[in-house]
Amino acid sequence: MQRSIFGAFGRIALALLLAAGLAACNDSGGGPGGSGSAGGSASTESTGDGGSSGAGGSGDAGAAESAGAADAGSGGSAGDVILIGHYASMTGKEATFGQSTDNGIRLALEEVNAAGGVNGKQLKLITYDDKGESKEAGSAVTRLITSDKVVAVLGEVASSLSIAGGAVCEQYSVPMISPSSTNPRVTAGKQMVFRVCFIDPFQAAAIAKFTTENLKLTKAAILYDQTQAYSKGLRDDFTASFTKMGGTIVADQAYNGGDTDFSAQLTTIKAANPEIIFVPGYYTEGGNIAIQARKLGITVPLIGGDGWDSSQLPAIGGEAIEGCYYSNHSAPDQPNMKEFVEKYRAKYGATPDALGGLGYDALMVLVDAMKRAKSLGGKDLAAAIAATKDFKGVTGTITIDADHNAQKGVVIVQIRNGSPVFVAAVDPSEG
Ligand code: PHE
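Treat the numbers as computed from the prediction; the structure is a model and nothing was measured.

A few points about the overall build of the protein chain
Looking only at helices and strands, one finds 12 helices and 15 strands in the protein chain. Taking all 431 residues of the protein chain together, 58% fall into the buried category.

Spelled out as structure tokens, the structure:
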């Protein structure tokens, strides 16, 4: 369904783009506020769901359970509940990743339970906060498997954390579905790890294509997070695609996640005179980099990857991020997202980012597999997930391929008046 409209969308979007002359990003000299003072302190949004919190790390306070009596001790699918685990950045500087995903998963779970559950059993979700840290991610997944005895694990968003949690799932033969981790290493060579999203070589090609064909820009600078597998991979993949399409990388700079001062890198970038700056990191740094770039008088557009997807990006970046672009899994103003966006708004009082839909789809793909699986044992369940074909998700049609990935379209959005607006789409066949 989604696939067939990508072509038309792309053409419409391109026409709109040309008509509006969007290549110019915001060129007001400086953003509001201080120089990146929001770094590391992106405030968390209310999830609107009392069951979902978790400032307490992997201790009890970090657990949120829903649906019925707690019999976590009896584990797995014993009694009349089936336990599913979720590990997520419910707090920390990527907090909206975990919160949005958890919201989406819980929305799906409620619908499944209201419709009678799975094979007559209600589902129960246990969420642990990993604070956006690899070590916490590993211990959260260990606890979900060895102490709660979940039948499957959902998470993470950040690829480095999915790599850490995935290793634990492999060790115990418990299936894991990442809603949104895009680095190839997350699933490569894994028996138990799957994802319901596209991977970064395709995402990078879509960004390069949009930059060269739609924006007609061929001189790019890069500023990436060398501590994140996602960011480094996307930088490598973009460099390969962009140069193949005739572009030149005029500056290639790195930062460490958590940094708040990017002035040295941005000064080098400014001197190289790029037409666009690719910033494949997460939203807190993305917003701060935009502010500091404008302060230095850099007026060219910034473009990010899906890691920019957060209501906190415009909240942090303000004026400085206006007019900038990023690639994503879906845009809230796409016609095919309408029904989901309305459901999510009704429950949480906020417009979902792409992670809400991806969390929803991850749970629904798991449920679909549970219904088809020979048993809920790890190997049987993994085999059923691997056999997922043409599943109609809210973020697109999902077929799990031989590498345990899904092939879905990339959308490009632009920040206008503080919200992401759909401007183009790239179909998987165009990769
Ligand atoms: N793709 C990012 C990663 O792999 C995570 C992400 C997905 C962030 C979607 C925001 C939205 O690290």
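Overview of helix α4 (residues 159-172)
With 14 residues, α4 should reach 20 Å at 1.5 Å per residue; the first-to-last C-alpha distance of 20 Å fits that figure. Most of α4 sits inside the fold, with 10 of its 14 residues counted as buried. All of the buried residues along α4 are Ser159, Ser160, Leu161, Ser162, Ile163, Ala164, Gly165, Gly166, Val168 and Cys169. Where α4 terminates, the next one or two residues include Ser173, which has phi positive at roughly 55°.

Notes on the site of the ligand
In the vicinity of the ligand lie 15 residues, with Ser159, Ser180, Thr182, Tyr230 and Asp309 positioned nearest. Taken together, the residues of the shell around the ligand break down into 6 nonpolar, 7 polar and 2 charged. Counting the residues that make up the shell around the ligand, at least three belong to each of domain 1 (31-198 + 330-400) and domain 2 (200-328 + 410-426).

Topic: the packing of helix α11 (residues 354-372) against helix α12 (residues 378-386)
One way to put it is that α11 packs onto α12 with a least axis distance of 8 Å and a crossing angle of 115°. Taken as a pair, α11 and α12 cross one another with a handedness that is right-handed. Between α11 and α12, the contacting residues are Val365, Leu366, Ala369, Met370 and Arg372 on the first element and Leu381, Ala384 and Ile385 on the second. Grouping the amino acids of the contact of α11 with α12 by side-chain chemistry returns 7 nonpolar, no polar and 1 charged.

Description of the nonpolar core
In this structure, Ile84, Val153, Leu223, Ile277, Leu363, Leu366 and Ile385 are the most contacted members of the largest nonpolar core, which totals 127 residues. Take this core: its biggest share by element is 12 residues, from α11. Setting aside anything within four residues of it in sequence, one finds Ile84 in contact with Leu123, Leu125, Val150, Val151, Ala152, Leu154 and Leu366.

Observations regarding the packing of helix α2 (residues 95-114) against α11
Running from N to C, α2 and α11 cross one another at 45°; their axes reach a closest spacing of 7 Å. By the criterion of interaxial angle, the relationship of α2 to α11 is oblique. You can see that α2 and α11 cross each other, and the crossing is right-handed. For the pair α2 and α11, contact is made by Phe97, Ser100, Thr101, Asp102, Asn103, Gly104, Ile105, Leu107, Ala108, Leu109 and Val112 and by Leu355, Gly356, Gly357, Leu358, Gly359, Tyr360, Ala362, Leu363, Met364 and Val367, respectively. Of the residues that constitute the contact of α2 with α11, the class distribution is 13 nonpolar, 7 polar and 1 charged.

Section: helix α10 (residues 338-348)
For α10, the complete set of buried residues consists of Phe340, Tyr344 and Tyr348. Looking straight down α10, one finds that the buried residues subtend no more than 40° of arc, so they occupy a single side. Away from its buried face, by an angle of more than 90 degrees, α10 presents the exposed residues Lys338, Glu339, Glu342 and Ala346. Taken together, the buried residues of α10 touch α2 and α11. Positive phi appears at Gly349, one or two residues downstream of α10, with a value of about 70°.

A few points about unusual backbone geometry
Each neighbour pair has its own omega, and for Gly155 with Glu156 the value is -15°, a cis peptide bond. Assignment of secondary structure puts Glu156 in the loop between β4 (152-154) and α4. With phi around 60°, Asn273 is a residue other than glycine that occupies positive phi space. Secondary-structure assignment places Asn273 in the loop between α7 (263-271) and β9 (276-279). Phi is positive for Asn417, close to 50°, though the residue is something other than glycine. Topologically, Asn417 is positioned in the loop between β14 (410-416) and β15 (419-426). By C-beta crowding, Asn417 is classed as exposed, having 7 other C-beta atoms within 10 Å.

Overview of the pairing of strand β11 (residues 325-328)
Burial along β11 is two-sided: the residues Tyr325 and Ser327 and Tyr326 and Asn328 are all buried. Inspection of the sheet shows strand β10 (residues 302-304) paired to β11 by 2 bridges, in the parallel sense. The residue of β11 that forms the bridge with Gly304 is Tyr326. Note on the crossover from β10 through helix α9 (residues 312-317) to β11: the handedness is right-handed.

What to know about the environment of Asp333
Among the secondary structure elements, Asp333 is positioned in the loop between β11 and α10. Contact partners of Asp333, with chain neighbours within four places excluded, come to Val421 and Phe422.

Examining the sheet that holds strand β7 (residues 219-225)
Taken in spatial order, the 7 strands of this open sheet run β8-β7-β9-β10-β11-β14-β15, and their pairing is mixed. Each having just a single partner strand, β8 (248-255) and β15 make up the two edges of the open sheet. Shown here is a sheet whose adjacent strand axes are inclined to one another by a mean of 25°, direction ignored. Relative to β14, β11 runs antiparallel, the two sharing 4 bridges. Bridging across to β14, Tyr325 finds its partner in Gln414. In the packing of α7 onto the sheet, contacts are made with β7, β8 and β9, and the angle to β8 comes to roughly 175°.

Rules and cut-offs
Residues numbered from 1 in each chain as written. Predicted model: local features only at pLDDT ≥ 70, side-chain atom pairs only at ≥ 80, totals over all residues. Helix = DSSP H or I, 4+ residues; strand = E, 2+ residues; numbered from the N terminus. Buried ≥ 20, exposed ≤ 12 C-beta atoms within 10 Å, placed from the backbone. Expected span 1.5 Å × (residues − 1). Near = placed C-beta within 6 Å. Nonpolar A, V, L, I, M, F, W, Y, C, P; charged D, E, K, R; others polar. Domains from an automatic or database assignment. Axes fitted to C-alpha atoms, helices over the stretch in contact; angles between N-to-C directions. Left-handed = near helix turned anticlockwise from the far one by under 90°. Contact = placed C-beta atoms within 7 Å. Core = buried A, V, L, I, M, F, W, Y, C linked by C-beta atoms within 7 Å. Parallel < 35°, antiparallel > 145°, perpendicular 65-115°, else oblique. Arc of directions from axis to C-beta. Pairing = 2+ DSSP bridges. Right-handed = clockwise from strand over helix to strand, strands pointing away.

Everything listed here is a matter of coordinates, which is why it stays silent on function.
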